[in-house]
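Chain by chain, the residues:
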Protein chains: 2
Amino acid sequence: MPLFGGIEAGGTKFICAVGSGPDELLAQARFPTTTPEETLTRAAEFFNQFMVQTQTRLHGIGIASFGPLDLDPHSPTYGFITSTPKPGWQNVAIRDVLLARTGCPVVIDTDVNGAALAEGIWGSATGLSDYVYITVGTGIGGGLIVQGRPFHGLLHPEMGHIPLPHDLTKDPFPGICPFHGDCFEGLASGPALQARLGQNPETVPSNHPIWDLEANYIALALQTIICVVSPQRIILGGGVMQQTHLFPRIRDLTRTLLNGYIQARALLEETDSYIVPPKLGSLTGVLGAIALAQQASEN
Amino acid sequence: MPLFGGIEAGGTKFICAVGSGPDELLAQARFPTTTPEETLTRAAEFFNQFMVQTQTRLHGIGIASFGPLDLDPHSPTYGFITSTPKPGWQNVAIRDVLLARTGCPVVIDTDVNGAALAEGIWGSATGLSDYVYITVGTGIGGGLIVQGRPFHGLLHPEMGHIPLPHDLTKDPFPGICPFHGDCFEGLASGPALQARLGQNPETVPSNHPIWDLEANYIALALQTIICVVSPQRIILGGGVMQQTHLFPRIRDLTRTLLNGYIQARALLEETDSYIVPPKLGSLTGVLGAIALAQQASEN
């Protein structure tokens, strides 16, 4: 099996791995996201050491990164992290740095496009061509796979920033998105829950009313995504979705919101297999990066 | 040039044509949408008469239809109009009837996917691969083109039914969608404007406050669509968009709503060429149907 490198480039930590799939991971490293120079140097050294020690050459390295990213191959800033609020990381040429320091072909995409691709190859969306992966955690993002490939369009989807109905009489919280206030991420990300509660949402019992609110916002977002792209399946991952009691509520609310308008069995009766958790667990991110490198090498 | 037939199957009228593009339309007919039997018979007779009189064979017929439609080729009800509220038209096998009565290959897609395709071949989206066409008229719908082809996913997009923020203190109107009340179509379609005003919206001057409200809902929908699929361009057609004064307001509001988050010149500075009217005018629909037939014949 040809070996690939993968980097899950997150806002708080980087995970690097070498392998060819979930059952073939030969080396792994994880370290905190500090400055771009320090963090990218550690990532490059991980792959270089692997190649020296094993006397093998990686067929390519994939980066599944936080964003926003410039993914237009014709752009002078292709492969850059662009307008992130993360200090020090604006306009970082993450792809170019890895390419220059490892000599391997490097492909980059959003963390959620990578995760979506990995779930399609090894996880909850095998056999499907057109589906969505959403992460609800520190941030909210969505990856869209079309015909088995990550979709970009003008830039790439930013599903965390869709506007949602927000009933201020039921939920006076103004939202925490610095750009949009009460967009999906502003209302329903982990930090939004924490800010409302004044405590870590993981410590709050499943019968607390905040979970009904949370399920409602996620269901509104799913209604939105279903009406815009009609995915064959929606995978919901991320830290907040560790609250597995949310799944049945989200399925019920999504069905209620759609109200039978879209005549598809998946939405009318089979929401248990339509709105699903990821299968790859904490490895989804780095496996997504490996999947990106594999797919790029096949072209 | 091989000749194709096209049917724009609308809720109030059918338009049929034979040709190969906007400058090569050899025959046209339009008639009101009555019962399925009567309407589909007239459509089939139009094509059959053309073929007899000209001693030519159509390479295929495309139908760009109101919906919702079953577009899954593996489904027993493939090519049916399904859950439409239009009396008598539920579960009508529109594709099968045309196929049986003309003997030509028949392909069907949504009216908006057809219009989107036609605008990509001959109109406002030439040269683009991933874009959206939205019609705001009697109903609201959106077509999504990915890699130059109409996108379906599970069923097909239903962009008129996305939920939107609705500030009841500014706009107490409850919305008119029988399924969702105040979804995009429920708030912003032509009939929603008419119900709010108690008169035909076409008779209302451009400085009437309803147009600010309308531009705001359309801009919220565009923010949603941009965040979900990141199209390379958005074409806005349909009867309501004949109010061309809406375009600059929608562009400004969309930019304001996105608030600089998505770093793409098209959204930051060049919204004049990002949010555009269709170029094909009243022929978009039937040309879309012809485009569907042409594309199907190339496969």
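Model, not experiment: these values are computed from the prediction. (Residues numbered from 1 in each chain as written. Chains lettered and ligands numbered in written order. Predicted model: local features only at pLDDT ≥ 70, side-chain atom pairs only at ≥ 80, totals over all residues. Heavy atoms only, no water.)

Chemist: For the overall build of chain A, give the residues involved together with the corresponding values.
Modeler: Secondary structure assignment for chain A yields nine helices and 10 strands. Expected size for 299 residues packed as a compact globule is a radius of gyration near 19 Å; at 19 Å, chain A falls within 12% of this value. Based on the C-alpha atoms only, the size of chain A along its principal axes is roughly 60 × 40 × 35 Å. When contacts within chain A are restricted to residue pairs at least 6 apart in sequence, those whose partners lie at least 24 apart make up 61%. In the structure as shown, chain A presents an accessible area of about 11600 Å², 52% of it carried by carbon and sulfur atoms. Charge centroids of chain A, computed over 16 positive and 26 negative side chains, lie 3 Å from each other. (Helix = DSSP H or I, 4+ residues; strand = E, 2+ residues; numbered from the N terminus. Rg over C-alpha atoms; globule rule 2.2 N^0.38 Å. Contact = heavy atoms within 4.5 Å. Areas by Shrake-Rupley, 256 points an atom, 1.4 Å probe, with all protein chains shown as cover. Lys, Arg positive; Asp, Glu negative; His and termini not counted. Charge placed at Lys NZ, Arg CZ, Asp CG, Glu CD.)

Chemist: Describe the packing of helix α1 (residues 36-54) of chain A against helix α2 (residues 94-102) of chain A, with residues and values.
Modeler: Residue and element names in this part refer to chain A. Running from N to C, α1 and α2 cross one another at 35°; their axes reach a closest spacing of 10 Å. Considering the relative orientation of α1 and α2, their crossing is right-handed. Mapping the contact onto sequence places Glu37, Leu40, Thr41, Ala43, Ala44, Phe47, Asn48 and Met51 in α1 and Ile94, Val97, Leu98, Arg101 and Thr102 in α2. Looking at side-chain class alone, the contact of α1 with α2 contains eight nonpolar, three polar and two charged residues. (Axes fitted to C-alpha atoms, helices over the stretch in contact; angles between N-to-C directions. Left-handed = near helix turned anticlockwise from the far one by under 90°. Nonpolar A, V, L, I, M, F, W, Y, C, P; charged D, E, K, R; others polar.)

Chemist: Before we move on, can you summarise the interface of chain B and chain A with the specific residues and values?
Modeler: Opposite the 43 residues of chain B that make contact, chain A presents 43 residues. Taking both partners together, chain B and chain A bury about 3800 Å²; carbon and sulfur atoms supply 70% of that area. Per-residue buried area on chain B facing chain A is highest for B:Leu154, B:Val228 and B:Tyr261; these three make up 22% of the total on that side. At the boundary of chain B and chain A, one finds 24 residue pairs in polar contact (both at pLDDT 80 or more). Where the side of chain B that touches chain A is concerned, the elements lending two or more residues are β7 (140-146), α6 (209-229), α7 (246-258) and α8 (265-268) of chain B. Here the element with the most residues in the side of chain B that touches chain A is α6(B); it accounts for seven residues. (Buried area = accessible area lost by both parts, 1.4 Å probe. Polar contact = N/O pair within 3.5 Å; in protein donor to acceptor, adjacent residues only side chain to side chain.)

Chemist: Lay out the confidence of the model for chain A in plain terms, naming residues and giving numbers.
Modeler: Averaged over every residue, the pLDDT of chain A is 96; the share at 70 or more is 100%. Model confidence for the complex is summarised by a pTM of 0.95, with the ipTM given as 0.95. (pLDDT = per-residue confidence, 0-100.)

Chemist: Talk me through the pairing of strand β4 (residues 61-65) of chain A; I want residue IDs and the actual numbers.
Modeler: All names here are of chain A. Across the five residues that make up β4, a large majority, five, are buried. In β4, alternate side chains face the same way, and those of Ile61, Ile63 and Ser65 on one face and Gly62 and Ala64 on the other are all buried. Relative to β4, strand β1 (residues 4-9) runs parallel, the two sharing five bridges. Its bridge partner lying in β4, Gly5 is registered against Ile61. Two elements, β4 and strand β5 (residues 106-110), share five bridges in a ladder whose sense is parallel. (Buried < 20%, exposed > 50% of the residue type's maximum accessible area, 1.4 Å probe, protein only. Pairing = 2+ DSSP bridges.)

Chemist: Describe the sheet that holds strand β2 (residues 13-21) of chain A, listing the residues and the values that go with them.
Modeler: Residues and elements named next belong to chain A. The five strands are arranged β3-β2-β1-β4-β5 in an open sheet whose pairing can be described as mixed. With one partner strand each, in any of the chains shown, β3 (24-32) and β5 form the two edges of the open sheet. On average, adjacent strands in this sheet sit at an angle of 15° to one another, irrespective of strand direction. Across six bridges, β1 lies against β2 in antiparallel orientation. From the neighbouring strand, Phe4 faces β2, where its bridge partner is Gly19. Its contacts with the sheet put helix α9 (residues 284-297) on β1, β2, β3, β4 and β5, and the angle it makes with β1 is roughly 135°.

Chemist: Residue-level account of the packing of helix α5 (residues 190-197) of chain A against helix α6 (residues 209-229) of chain A, with values.
Modeler: A packed helix pair is summarised by two numbers, namely the angle formed by the two axes and the spacing between the axes. Residue and element names in this part refer to chain A. The contact between α5 and α6 brings their axes to 12 Å, and the two run at 150°. In terms of their interaxial angle, α5 and α6 are classed as roughly antiparallel. Between α5 and α6 lies a crossing of right-handed hand. Residues Leu193, Arg196 and Leu197 of α5 form the contact with α6, whose own contacting residues are Ile210, Trp211, Leu213, Glu214 and Tyr217. Looking at the contact of α5 with α6, its residues break down into six nonpolar, no polar and two charged. (Parallel < 35°, antiparallel > 145°, perpendicular 65-115°, else oblique.)

Chemist: Could you give an account of the side chain of A:Asn113, with specific residues and numbers?
Modeler: Residues and elements named next belong to chain A. By secondary structure assignment, the location of Asn113 is in helix α3 (residues 111-122). On the basis of relative accessible area, Asn113 is assigned to the buried category, the value being 0%. At 2.9 Å, the side chain of Asn113 forms a polar contact with the side chain of Asp109. Sequence-distant contacts of Asn113, that is, excluding residues within four places in its chain, are made with Gly143, Leu144, Ile145, Pro150, Phe151 and His152.

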